[in-house]
Each structure stands twice: as structure tokens, then as C-alpha cells.
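Examination of the molecular architecture
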Amino acid sequence: MTGAAVPLLDVEDVRVTFGGIVALDGVSFSVQRGAIAGLIGPNGAGKTTLFNCISRIYQADSGSIRVDGKPIFDSPIHGISKVGLGRTFQNLALFGKLSVLDNVLIGAHARTMGNFVSDALRLLGMRRRETALRDEAMALLEELRLDDIAGETVAALPFGTQKRVELARALSAKPTLLMLDEPAGGLNHDEVEEFKDVVRRIRDHRHISILLVEHHMNLVMSVSDQVVVLNFGRKIAEGTPTEVQSNPSVIDAYLGSGHETEAH
Amino acid sequence: MTAETQVTAQSVDPERRIAGLTSGGWRCAATAIAILVAVVLPWTLGSFQTFQITLVLFYAIAILGLNILTGFNGQFSLGHSAFFAIGAYTTAILVERYGVSTYLTIPVAGGLGFAAGFLFGFPALRLSGLYLALATFALSVATPQLLKYNHFEDFTGGVQGINLLKDSAPFDLPFSVDQWWYYVTLAITLFAFWMARNLINSRTGRAIMAIRDNPIAAATMGVNTALYKTLTFGVSALLTAVAGALSAIVVEYVAPDSFTFVLSVYFLIGLVIGGVGWIPGAVIGGAFVLYVPNLAEGISTGLAGVLFGVIILLVIYLMPSGAAGLVRLGITHLRRRLDRDNNKA
Ligand SMILES: Nc1ncnc2c1ncn2[C@@H]1O[C@H](COP(=O)(O)OP(=O)(O)OP(=O)(O)O)[C@@H](O)[C@H]1O
Ligand SMILES: [Mg+2]
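Residues numbered from 1 in each chain as written. Chains lettered and ligands numbered in written order. Predicted model: local features only at pLDDT ≥ 70, side-chain atom pairs only at ≥ 80, totals over all residues. Heavy atoms only, no water.

1. Structural notes on the overall build of chain B
We count it as follows: Only runs of H or I of at least four residues qualify as helices and only runs of E of at least two qualify as strands under DSSP, and these elements are numbered from the N terminus. Two things to know: the radius of gyration comes from C-alpha atoms, and the globule rule equals 2.2 Å times the number of residues to the power 0.38. Only protein chains enter the accessibility calculation, which uses a 1.4 Å probe; a residue whose area is less than 20% of its type maximum is buried, one above 50% is exposed, and one in between is partly exposed. Contact definition: two residues touch when any of their heavy atoms are within 4.5 Å. In short, Shrake-Rupley with a 1.4 Å probe defines the accessible areas, and a residue's cover is counted only from the protein chains shown. For this count, His and the chain ends are skipped, Lys and Arg are scored as positive, and Asp and Glu as negative. To locate a charge, take NZ of a lysine, CZ of an arginine, CG of an aspartate or CD of a glutamate.
Assigned secondary structure in chain B consists of 15 helices and two strands. What you see for chain B is a C-alpha radius of gyration of 22 Å, in line with the 20 Å of a compact globule of 345 residues. For chain B, the C-alpha atoms occupy an extent of roughly 75 × 50 × 45 Å along the three principal directions. Out of the 345 residues in chain B, the part that is buried amounts to 48%. Within chain B, counting contacts between residues at least 6 apart in sequence, those at least 24 apart form 78% of the total. Total accessible area on chain B is roughly 16600 Å²; 68% of this is exposed by carbon and sulfur atoms. A distance of 15 Å separates the average location of the 18 positive side-chain charges in chain B from that of its 15 negative side-chain charges.

2. Observations regarding unusual backbone geometry
Residue and element names in this part refer to chain A. Phi is positive for aspartate 13, which is not a glycine, with a value near 55°. Position of aspartate 13 relative to the elements: it lies in strand E1 (residues 9–18). By relative accessible area, which is 44% here, aspartate 13 ends up partly exposed. Phi at phenylalanine 232 takes a positive value of approximately 45°, unusual for a residue other than glycine. By the secondary structure assignment, phenylalanine 232 is in the loop between strand E9 (226–231) and strand E10 (234–239). By relative accessible area, which is 67% here, phenylalanine 232 ends up exposed.

3. Remarks on the coordination of the magnesium ion (ligand 2)
So the rule is basically this: Coordinating N, O and S atoms are those within 2.8 Å of the metal (3.2 Å for Na, K and Ca), and as water is not part of the atoms, a site may appear to have fewer donors than expected.
Note on the magnesium ion (ligand 2): its protein donors are Thr48 of chain A (OG1) and Gln90 of chain A (OE1). The metal-donor distances range over 1.9 to 2.0 Å. Taken together, the residues span a long stretch of sequence, with threonine 48 of chain A in helix H1 (residues 47–54) and glutamine 90 of chain A in the loop between strand E6 (85–87) and helix H3 (100–107) at a distance of 42 residues.

4. A look at a nonpolar patch on the surface
All names here are of chain B. To keep it simple, the criterion reads: Patches in this entry comprise residues that are over 30% relatively accessible and not in a salt bridge; like charges within 9 Å are linked, as are nonpolar side chains (Val, Leu, Ile, Met, Phe, Trp, Tyr) within 5 Å. Only one rule defines a salt bridge in this text: a Lys or Arg side-chain nitrogen within 4 Å of an Asp or Glu carboxyl oxygen.
A contiguous nonpolar surface patch, about 660 Å² in accessible area, is contributed by Leu303, Val306, Val310, Leu314, Tyr317 and Leu318. Position of leucine 318 relative to the elements: it lies in helix H14 (residues 304–318). Residue leucine 318 is classed as exposed on the basis of its relative accessible area, which comes to 63%.

5. Here we look at the interface of chain A and chain B
Condition: Take the accessible area each of two parts loses on contact, using a 1.4 Å probe, and add the two losses: that sum is the buried area. Whenever a nitrogen or oxygen atom comes within 3.5 Å of another N or O atom, the pair is scored as a polar contact, on the condition that within protein one atom can donate a hydrogen and the other can accept it, and that pairs from neighbouring residues in sequence are kept only if both atoms are in side chains. The residue classification treats Ala, Val, Leu, Ile, Met, Phe, Trp, Tyr, Cys and Pro as nonpolar and Asp, Glu, Lys and Arg as charged. All others, Gly included, are polar.
Across the boundary between the two partners, chain A contributes 36 residues, which contact 35 residues of chain B. Regarding the contact of chain A and chain B, the summed buried area is about 3000 Å², with carbon and sulfur atoms giving 64% of it. Considering only the surface of chain A that becomes buried against chain B, His78, His109 and Phe116 of chain A emerge as the three largest contributors, covering 26% of it. In this structure, the salt-bridge partner of arginine 206 of chain B is glutamate 130 of chain A, at a minimum N-O distance of 2.7 Å. Taken together, the connections running from chain A to chain B amount to eleven residue pairs in polar contact (both at pLDDT 80 or more). Broken down by secondary-structure element, the contributors of at least two residues to the side of chain A that touches chain B are helix H2 (80–83), H3, helix H4 (116–121) and helix H5 (126–143) of chain A. Partitioning the side of chain A that touches chain B into residue classes produces 17 nonpolar, nine polar and ten charged.

6. Here's the deal with the sheet that holds E9 of chain A
Residue and element names in this part refer to chain A. What counts is decided by this rule: Two strands pair if DSSP finds at least two bridges between them. Throughout, an axis means a line fitted to C-alpha atoms (over the contacting stretch in the case of helices), and angles, computed between N-to-C directions, take values from 0 to 180 degrees.
The six strands lie next to each other as E6-E7-E8-E3-E9-E10, forming an open sheet whose pairing is mixed. The sheet terminates laterally at E6 and E10, the two strands that pair on one side only. Strand after strand, the sheet turns through a mean of 20° between neighbouring axes, direction not considered. Across five bridges, the pairing between strand E7 (residues 177–181) and strand E8 (residues 209–213) is parallel. Residue leucine 180 lies in a different strand from E8, and its bridge partner there is leucine 212.

7. Observations regarding the packing of aromatic side chains
Definition in use: What counts as a ring pair is set by centres within 6.5 Å for rings of Phe, Tyr and Trp (its six-membered ring), and what kind of pair is set by the plane angle: stacked under 30 degrees, edge-to-face over 60, tilted for all other angles.
A complete count under the given rule lists 19 aromatic pairs over all chains for this structure. Each ring, one from phenylalanine 18 of chain A and one from tyrosine 58 of chain A, has its centre 5.1 Å from the other, and the planes form 75°; the classification is edge-to-face. In this pair, phenylalanine 18 of chain A sits in strand E1 while tyrosine 58 of chain A sits in the loop between H1 and strand E4 (62–67), placing the two residues 40 residues apart along the sequence. For tyrosine 58 of chain A, a relative accessible area of 29% puts it in the partly exposed group. Pairing tyrosine 59 of chain B with phenylalanine 267 of chain B gives two aromatic rings, centres 6.3 Å apart and planes at 70°, and the pair type is edge-to-face. Pair noted here: tyrosine 59 of chain B is in helix H3 (residues 47–72) and phenylalanine 267 of chain B is in helix H12 (residues 261–274), with a separation of 208 residues, a long-range link. Like tyrosine 59 of chain B, the residue phenylalanine 267 of chain B is buried in the burial classification. Taken together through their ring pairs, the aromatic side chains of Phe58, Tyr59, Phe84, Tyr89, Phe259 and Phe267 of chain B make up a single cluster.

8. A closer look at the sheet that holds strand E2 (residues 21–31) of chain A
Residue and element names in this part refer to chain A. Within the open sheet, the four strands sit side by side as E2-E1-E4-E5. Their pairing is antiparallel. Edge positions in the sheet fall to E2 and strand E5 (70–71), since each of these pairs with one other strand and no more. Two elements, E4 and E5, share two bridges in a ladder whose sense is antiparallel. In the strand pairing of E5, valine 67 is matched with lysine 70. Seen against the sheet, H1 touches E1, E2 and E4 and runs at an angle of roughly 115° to E1.

Quick look at the structure:
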């Protein structure tokens with residue numbers, strides 16, 4: 001290890017294949033504490049696959065990922081929340097039959113206590129802790145303007161609202177690194193502008209570092225300190241937003257693939 | 001604020017009062033009334049009817065157990081007759097063969113039920129949906145045969161089963177035997193429902209339901225899904241085994257053919273009729289599976305099964321979410337009407 005500070009997230013030479021498809025091919029980069037890092041690339045570049053790898057849903061063929069210097073590949077999926085990793089899902093993975101409030105309360109699972117016996121018998125100050133947790137969750141919902149619908153069943157809500165519930169649920173875990181997979185999907189122009197502030201506030205007020213996957217270039221480029229570009233499973237560029245935007249291979253990847261960058 | 005947002009805000013406002021009571025207050029009142037009725041009921045009934053409502057109660061406990069597993073955790077089971085049998089035989093064997101106090105056998109039956117459910121929960125982890133239904137079905141088909149098996153006969157009494165005699169009320173309490181065991185069953189039922197409600201409204205309960213709705217997301221939130229699923233299986237089987245123990249005591253008899261897979265199907269019917277994922281529904285489901293087959297029998301002995309089937313179809317057709325849906329619908333209607341009246345005033 002060199003003298004530099006240990007990065008919060010350190011992805012090293014990660015390779016993931018599905019049968020014949022190489023979804024990630026030796027990807028390496030790191031995210032420093034306190035940073036907002038953008039992760040971009042055309043459809044199918046491997047961004048979500050990388051998220052799934054970091055959150056232990058997918059098994060990497062080789063390489064390593066360290067959080068705060070500690071390797072995570074021997075952790076089970078349910079262990080990553082304890083390590084300080086929180087995330088949202090591109091295609092929504094909410095608890096559909098539960099209320100908005102309950103979804104957010106489950107977000108706090110890893111940092112709260114209780115077991116079958118204490119919860120069934122209401123032992124060990126469980127009621128007091130539950131009240132405190134609910135107040136905290138309601139404050140969070142208020143901040144994300146979800147308090148009016150705290151009691152509504154999640155499955156019945158519009159897509160954009162569900163995305164916000166996912167964000168609230170992830171924040172409720174108080175992660176050190178928050179991974180957002182296309183959080184601005186389905187937002188209109190004004191909402192994207194507003195969302196920029198939301199992202200910055202998460203970093204500045206909650207001191208949460210962010211890894212942001214987005215197709216909205218304007219959003220990524222204006223909030224990120226650092227941008228990593230993937231194409232066909234390979235990292236093709238990394239740098240500040242200005243550096244990346246003028247990088248010829250990045251321009252090629254986007255123009256060459258013929259993808260609409262504002263899609264999704 | 002526009003009128004529209006006000007309405008949505010109101011519909012979830014826990015402070016909102018209807019006829020002076022909040023929704024939590026109404027729930028308390030309904031529970032208190034139900035308990036009061038349950039306490040008074042045996043004094044208005046003969047001993048056979050008291051015996052019957054005791055059966056409703058332990059069916060309710062068994063269905064509650066199934067509801068926690070299937071309704072809240074999303075794991076299907078056609079094997080709960082096996083856990084019920086474990087509870088019943090534990091009590092019968094301990095009382096008849098070892099002279100253990102009847103009351104003591106109830107927690108022992110629960111403990112064994114938990115162990116059996118927890119262990120069965122492991123293979124269940126690898127199965128989902130229809131495959132789990134098949135595996136649990138196999139469990140309930142195997143149970144009566146094992147109970148009849150001649151090498152276990154010294155224990156289980158084989159095909160004959162075991163007769164036992166229930167204790168009469170202690171300390172010269174002024175209860176008949178049937179009344180006494182009704183109250184014991186009622187106390188255990190209330191305790192079971194109280195625990196189930198606490199569990200569902202807690203961190204553990206939310207984790208259980210999160211697994212049902214989205215296991216990957218639940219794991220990402222830090223829920224050890226394998227552990228929670230096996231423990232939920234254990235708790236579910238515990239409740240059902242306690243119900244089985246009570247059945248052995250109350251009916252004073254256990255035999256293999258009382259615990260066929262038909263009993264599992266009855267639990268499932270009770271679950272669906274009461275409302276999947278609604279705790280009080282188990283009582284309604286219990287009453288349904290006890291009284292409706294009798295009712296059908298009363299109408300026509302020859303066609304009792306057909307009638308029972310038709311009644312089930314009708315009920316499901318008329319209230320697709322079981323009693324739970326009906327209650328919810330009633331509350332919504334009442335609320336709307338009150339809102340309308342308030343707006344007029
Ligand atoms: N579970 C899986 N099984 C098989 N192939 C998969 C799986 N998950 C991803 N892939 C493949 O891996 C490649 C990368 O997909 P991935 O979802 O990571 O892309 P992405 O960058 O998130 O794209 P998008 O911007 O469209 O969300 C694609 O070719 C995809 O088909
Ligand atoms: Mg993706």
C-alpha cells in the first residue's frame with residue numbers, strides 16, 4: 001500500500017462472465033471518501049453488473065473489491081449493508097405490498113437490533129426503539145417529500161415516486177457509500193435539476209459518498225467529481241467530467257454505438 | 001393545500017378521529033369487544049358448543065401459524081398437518097406414557113414443533129412455489145403412515161392412536177371441564193395472537209414480509225434471508241404444534257387418520273377464507289373450517305363434500321381477499337360516508 005489514503009471503494013481487475021458473454025473485463029477504479037463518482041457507458045456496458053458485483057448479488061470470476069481497505073468477496077449479500085454499502089435498483093426492487101414507511105424502516109434493518117423473541121414479546125425497550133426509528137424515518141420521508149404518502153402501499157405508486165422511495169430506503173440505512181442505478185430515470189427536466197441538489201445534499205449534509213450510474217449526461221457531468229466510462233465491459237476512460245467529455249474514445253463509444261444518450 | 005391532497009393526507013393520518021376514536025382506538029375497541037364476547041360466550045352455551053368453540057380456537061392458532069409462513073413470508077405449505085400431529089402426539093405420549101403434567105406438555109410440543117419446522121426450513125430454502133408445495137405435501141402424506149408404523153407402535157399406539165383424559169379445573173374453580181379447557185385455550189390463543197401481532201409490527205416482521213416481496217432487496221438491506229426463512233418456518237410450526245397439543249387435550253384422543261393431508265388443506269382453506277396476511281382472519285378461518293363442513297353435513301349427508309366445495313367457491317367468488325378484504329371494504333365505505341357527512345355539515 002502506498003502513502004495515499006485508502007480509497008472508500010477500490011475495484012480491482014474485476015471480471016464477470018455470463019456463459020459466453022463477458023459483462024465486465026478487468027475493470028479497475030476507485031472512489032475516494034466524500035466523492036461523487038459518475039459511472040457511465042452505453043446500454044449493456046456493464047454498469048448494473050458492476051453494481052451487482054459490489055453488492056454481492058453476482059459473483060465475480062476474478063479480481064477484488066475492497067471497501068475501506070477490506071475485501072468484500074467473502075461477505076454474503078446481507079453483509080454488505082453492514083460494510084456501509086447502500087444502493088438503489090435500476091428496475092426497482094421495492095417491497096411492493098408494504099407501505100412507504102415500512103419500506104424505509106426495512107432500510108434500517110442492518111443498523112438496528114432485535115430478534116424473534118424480543119420482537120414478539122416486546123422486550124428490551126423494543127417499543128421505545130421502534131418509536132424513535134419511526135420518527136427518524138418520518139423525518140427522512142418529509143425531506144424527500146414522501147411524508148404525505150407514508151402509509152400508502154408502494155406497488156400502487158407511480159414510477160418516479162417509487163424511485164424516490166428506493167432512495168429513501170437506501171438513505172435510511174445510513175450508508176457510507178451510496179450506489180444509485182439510474183435514479184433520474186423517468187424524471188422531467190425540472191425534476192432532474194432538483195435531483196442535482198438532492199444528490200449534492202446527500203453528500204454534503206449526510207457525508208455519504210456516491211457512485212452514480214446515469215444516462216442523463218447533464219446530471220452526471222454537473223454533480224460528479226470523477227467519471228468512469230465503461231463500454232462493452234471495459235473501462236475506456238476515467239477523469240474529471242471535462243476530461244471525459246473531450247476524450248475521443250468516449251465520444252466514439254457514444255456516437256459509434258448509436259445510442260440515444262438521454263434514453264432510459 | 002388542495003382538497004385532493006388533503007384527502008390523501010387524511011386517509012393515512014393516525015391522529016384522525018372517527019366518532020371520537022382514532023383508527024388505533026377503533027382497533028383496540030374491536031379487540032376488547034371480541035375478547036369480552038369470547039370470555040362471556042361459554043356461559044351462554046352448552047358443553048358441546050363450548051367444546052366446539054374450543055376447536056375453533058385451536059384451529060385459529062394453527063391457521064395463524066400457517067399465515068405467518070405463507071401470508072407474511074411467502075413460503076407455501078401443505079405440510080402443516082405434520083406439525084399439528086407432532087404437537088398432538090407429543091402431548092398424548094408425554095401424558096399417557098410418562099405421566100407428565102398436561103399443561104407442561106404444551107410448551108414441550110411447541111418446542112418440538114419449532115425444531116421440526118426449523119429443520120424442515122433448510123431444504124425448503126432450495127425450493128420455491130410449487131416445488132415447496134410438493135415437498136410439504138410429501139411431509140403430510142408421510143406423517144400418518146409413520147404414526148401407524150408398527151416399530152413405533154409402543155409409542156404412538158399405531159392405528160388405534162392414544163386416548164387421554166383431560167384434567168378438570170384446578171383449585172376447585174367453578175368451571176366445567178369443557179369450560180376450563182376453553183379458557184385455557186382462549187388464554188393461549190390470545191397470547192399467540194398478541195405475539196404474532198407484535199412480531200409482524202416489528203423489525204423482525206418487516207424483514208419476514210420483505211423476503212416475501214423481494215428476497216434480493218431484503219438481503220441487500222441486511223436481512224439474512226436464509227436465517228429468517230428457517231426461523232419463520234420454526235415459529236410457524238411452533239404455533240401449529242401448540243394447536244395440535246391443545247387438540248389432543250381437548251379431543252382427548254389422537255390417531256393417525258386425524259392428521260392426513262386433508263387437515264393441511266383445511267388449514268389452507270381457513271387461511272384463504274380468513275384473509276392471507278391478515279392476523280385476525282385466522283379466527284374467522286378457524287370458524288369456517290369447523291362449522292361449514294358440519295353445516296354442509298346437516299343439509300345433506302350424501303352431498304356434504306360437494307356442498308362444502310360449492311360454499312368455498314361462493315365465498316371466494318364473493319370475497320376474493322377473504323374476510324380481510326370484506327373488513328377493509330367495510331371500513332373504506334364507512335370512512336367515505338363519514339367524510340361525506342362531515343363535508344355536508
Ligand atoms: N443475469 C445476467 N445473465 C446474463 N447476462 C447478463 C446478466 N446480467 C447482465 N447481463 C449481460 O451483461 C451485459 C451488461 O449488462 P448490464 O445490465 O450490466 O448493462 P448496463 O450498463 O447496466 O446497461 P443499461 O444502461 O442498459 O442498464 C449485457 O450484455 C447483459 O445482457
Ligand atoms: Mg443498468
